[in-house]
Amino acid sequence: MKRFFFCLLALGVAGVYAQSGDSTGAAPAWTKIYRATATKINDLVDTKLDVKFDYDNAWLYGKEWVTIHPHFYPTDSLTLDAHSMDIKEVALVKGSSKTPLKFTYDSSQLFIKLNKTYQKGENYTVYIDYISRPNTIKAKGSAAITDNKGLYFINPKGEDKKKPIQIWTQGETESNSGWFPTIDKPNQKTTEQITMTVPAKYVTLSNGLLVSKKANADGTRTDVWKMDLPHSPYLFFMGVGDYAVIKDSYKGKEVSYYVEKEYAPVARKIFGYTPEMIAFFSKITGVDYPWAKYAQITGRDYVSGAMENTTATLHGASAQQDARELKDGNRWESVIAHELFHQWFGDYATTESWSNITLNESFADYSETLWATYKHGRDEGDATINANLRSYLANPESAEKPLVRFYYNDKEDVFDDVSYPKGGCILHMLRNYVGDSAFFKALNLYLNTYKFSNAEAQQLRLAFEGVTGQDLNWFWNQWYYGAGHPKLTITYGYDEGGKKATITIKQTGEGQIFTLPFAIDVYERGSKKRYNVWMKDSVATYTFPVSARPELVNVDGDKVLLCEKTENKTGAEYAYQYAHAGLYRDRREAIAYALNHQGDAASAGFLQTALKDPSYRLRLFAVSGLNAKNDTLMGALENTLAGLAKNDSSALVRAKAIELLGGRKKAEYTSIFRSAISDSSYSVAGAALQALGKTDSAAAVREAQKMMSQPAKGDLKFALIRYSDDSRFDEIWSDFDALSFGEQKFRMLAPFAEYLANVKNAANFKKGVDAIAGFRKSVPEQYRGFTDPAFTKALGGLEVKKRAAGEKELADYVKGAMQP
């Protein structure tokens, strides 16, 4: 699952994640509740479903045949999870005969009295006739997912002409029991067959293979999907809608992309790396793709980012990008890799409990680094893992939570930046410690040992120990079962008389003292000597012989440690590090130092070099950090920035350079802005329109008027909104209001608020404020620590502007809307 939480981080929505707690300061009750792996009384064996959809009521009419046997102890009863259903009939099926079974139902669980006591391994099949009413399930939002109904009817009556009619399901964590009764726990595995009857104009998607299609006389069609290999109930999936289906293949297995029809021409540009990804992941794991097919489908109003349903991944609609959006790079490529790797880690070998979700999500997170390195080079892979590190460190509360978590308030809470980016960084360190060969051999051993089964984190440790021959409890204890990370203060010294380089490292954080193996590289007279060391105490000093003062001593030479660090390096040492150590993080650290010392004379020369870095991400980092008000520095760099604005290979760098030059408000750059307005990238065109407004506002208005009737997305759309007047209110308000809770709506929040500041019609202004306030209230409580700063900025800015304009009534209206 790629969660929406990380979309917020990517957008720079910062704040504090709200955990449930006690206002008195006492530890909340959940901190004393051990979250054990679900007890197995019965085991799922096979699940057959026959479903039809009632679009008017948003109901599902279902018939189920579930085959089960006792796990070990004899039992005469069966408990199934089933949320807000109407249970019509429960019976035991033998051959063609049905025997009614007694049952009770409490709206969340179905308690069935069997006809006898069954023994271990003795199969029995229960038939259930039921109606699923997902909209009656009480929504539970969290920092991981915004809803838990399981089954979603999107625009079922077609009332919104801008939105397609779709059905999709979302099972993780335990929500599929909202549309079929099951033992909804990750440590269950079952084969599956789903028969779906739908309007004939729609296509369907589910797990496994489509084994039959039958046209019916009433204008419907019945599709049968069959999954012969066992997987967990949360991975069951159904998708229905008017999609274009684009087909690729991998070793004769179908690889398909279900997209809204307008995106059919670019579907391969979005998803086209998938066969190559499958081949790559098959190679590095030593396990060829184990399933019968792989499909990817998009869903409107999706409640999270993406979901790895076995053989049928669901992506949010944000995955769909038109040709101009793709000029900025495929923003969904890493998500595609993430969900695909789950087909091995999560679907093939599955965590036995949500406490051990690292076995699913940390591997999927790390797959993004593995793929980026393979496909785009070492810099891109290092940039990916570095972004993970910064994402985790951005939320200090994360340091309080271990990777394997047996105590939590809600199972959704474990889907956070500990299980995802921190877990990925931990795997990166482990790979560096044991070496590539051992790392991938251990993954292969783990996958083959627990295929079509379940595991916990200790079993991953045993796989690594089996391959390496080493006791790795020290690593698991501190990184998997311990919380936090080391905070290092590193001091470099040089003894001229003794010809010694000295490095003193202190672990300054509270909590455990970490055992850290890492490399120290000493650069002397243009050559590097590496020393591999272990740090096991709160303070460690390392001394190495040298013939002269080293040009650089570089702790963590491989740049793999998950830590915060403070170093006393000089600007000259960072410049040397940039030029000679050379890894992505080496260079980024040097650029960060220069950006933090923009008043230093040496910084201008160094930043000239940084603006030409081979990594577009580092060029973007450098441009984004420049202070446009530093006239001396900008005077030295403006020619270089102008060159980037016109010619950089990355649209994102061009856009940022244009934005920076626009802030200089110099007419000499107007020609650059005019030319860039017609750029094929929305980001570049949007930045250019904004920049032009600062040097020639009349020209910007004219250009904006020309583009109002043309398709626009992203930064160009937002720039045009800022140039719009009251005549476009209905269109702009409708666009904002129609967006579901997600990334795109957050991106539109600031420009929509800026637009409202210029709306003259008081009724429309209030309507717009109500839309923002409604959006704010729709955010689940657990998200609000992250999102409230953005809403406060948007609404607070409106209030200030209206008060400054003497419009007290409207200012007071905004103030009222800001109340919780």
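Predicted model, so just to flag it, every value in this text is computed and none were measured.

Draft legend 1. How the structure looks around the sheet that holds strand β25 (residues 516–524). Spatial ordering of the open sheet is given by β26-β25-β28, a layout of 3 strands whose pairing is antiparallel. Across the chains shown, the open sheet's two edge strands, defined by having one partner strand only, are β26 (527–535) and β28 (552–555). Here the average twist between neighbouring strands, direction ignored, is 20°. Inspection of the sheet shows β25 paired to β26 by 9 bridges, in the antiparallel sense. Residue pairing for β26: Y523 is matched across the bridge by K528.

Draft legend 2. Spotlight on the pairing of strand β5 (residues 97–100). Bridge count between strand β4 (residues 85–94) and β5: 4 bridges; the pairing is antiparallel. Looking at the pairing, A91 lines up with P100 of β5. Where β4 folds back on β5, the antiparallel hairpin that results is connected by 2 residues, among which G95 adopts a positive phi of roughly 60°.

Draft legend 3. Representation of unusual backbone geometry within the structure. In this structure, the amide linkage connecting E172 to the following residue, T173, adopts the cis form with an omega of 10°. Position of T173 among the secondary structure elements: in the loop between β10 (166–169) and β11 (190–199). Despite not being glycine, S84 has its phi angle at roughly 50°, a positive value. S84 gets classed as buried once you look at its relative accessible area, which sits at 16%.

Draft legend 4. Geometry of the packing of helix α18 (residues 682–695) against helix α20 (residues 714–722). Between α18 and α20, the least distance of the axes is 7 Å, while the angle of their chain directions is 25°. Between α18 and α20, the angle falls in the class roughly parallel. Contacts between α18 and α20 involve Y682, S683, A685, G686, L689 and Q690 from the first element and D715, L716, A719, L720 and R722 from the second.

Draft legend 5. Representation of the packing of aromatic side chains in the model. According to the stated counting rule, one finds 55 aromatic pairs in the structure shown. Their ring planes at 20° and their centres at 4.9 Å tell us that F180 and F236 sit as a pair that is stacked. Of the two residues, F180 sits in the loop between β10 and β11 while F236 sits in the loop between β14 (220–231) and β15 (238–241), which places them 56 residues apart along the sequence. Lying over the aromatic face of W534, K536 brings its terminal NZ or CZ to 5.3 Å of the ring centre. Sitting over the face of the ring of F775, K745 holds its NZ or CZ atom 5.0 Å from the ring centroid.

Draft legend 6. Just the environment of G797, in detail. If you trace the backbone, G797 turns up in helix α24 (residues 784–804). Taking relative accessible area as the criterion, G797 reaches 26% and is therefore assigned partly exposed. On a C-alpha basis, the gap between G797 and A750 in space is 9.8 Å, while along the polypeptide they are 47 residues apart.

Draft legend 7. Focus on the layout of surface pockets. The space that makes up the second largest pocket amounts to roughly 1300 Å³. Elements with a minimum of two residues in the lining of the second largest pocket: α1 (4–10), α20, α21 (729–738) and α22 (743–756). Classifying every residue of the lining of the second largest pocket gives 20 nonpolar, 13 polar and 17 charged.

Each value, and the rule that gives it
- Residues numbered from 1 in each chain as written.
- Predicted model: local features only at pLDDT ≥ 70, side-chain atom pairs only at ≥ 80, totals over all residues.
- Heavy atoms only, no water.
- Pairing = 2+ DSSP bridges.
- Helix = DSSP H or I, 4+ residues; strand = E, 2+ residues; numbered from the N terminus.
- Axes fitted to C-alpha atoms, helices over the stretch in contact; angles between N-to-C directions.
- Buried < 20%, exposed > 50% of the residue type's maximum accessible area, 1.4 Å probe, protein only.
- Parallel < 35°, antiparallel > 145°, perpendicular 65-115°, else oblique.
- Contact = heavy atoms within 4.5 Å.
- Phe/Tyr/Trp six-rings, centres within 6.5 Å; stacked < 30°, edge-to-face > 60°.
- Lys NZ or Arg CZ within 6 Å of the ring centre and 35° of its normal.
- 1 Å grid on protein atoms, 1.4 Å probe; cavity = no way out; pocket = protein on both sides within 12 Å on 5 of 7 lines; lining within 4 Å.
- Points joined across faces, edges and corners; volume = space filled by probe spheres on them.
- Nonpolar A, V, L, I, M, F, W, Y, C, P; charged D, E, K, R; others polar.

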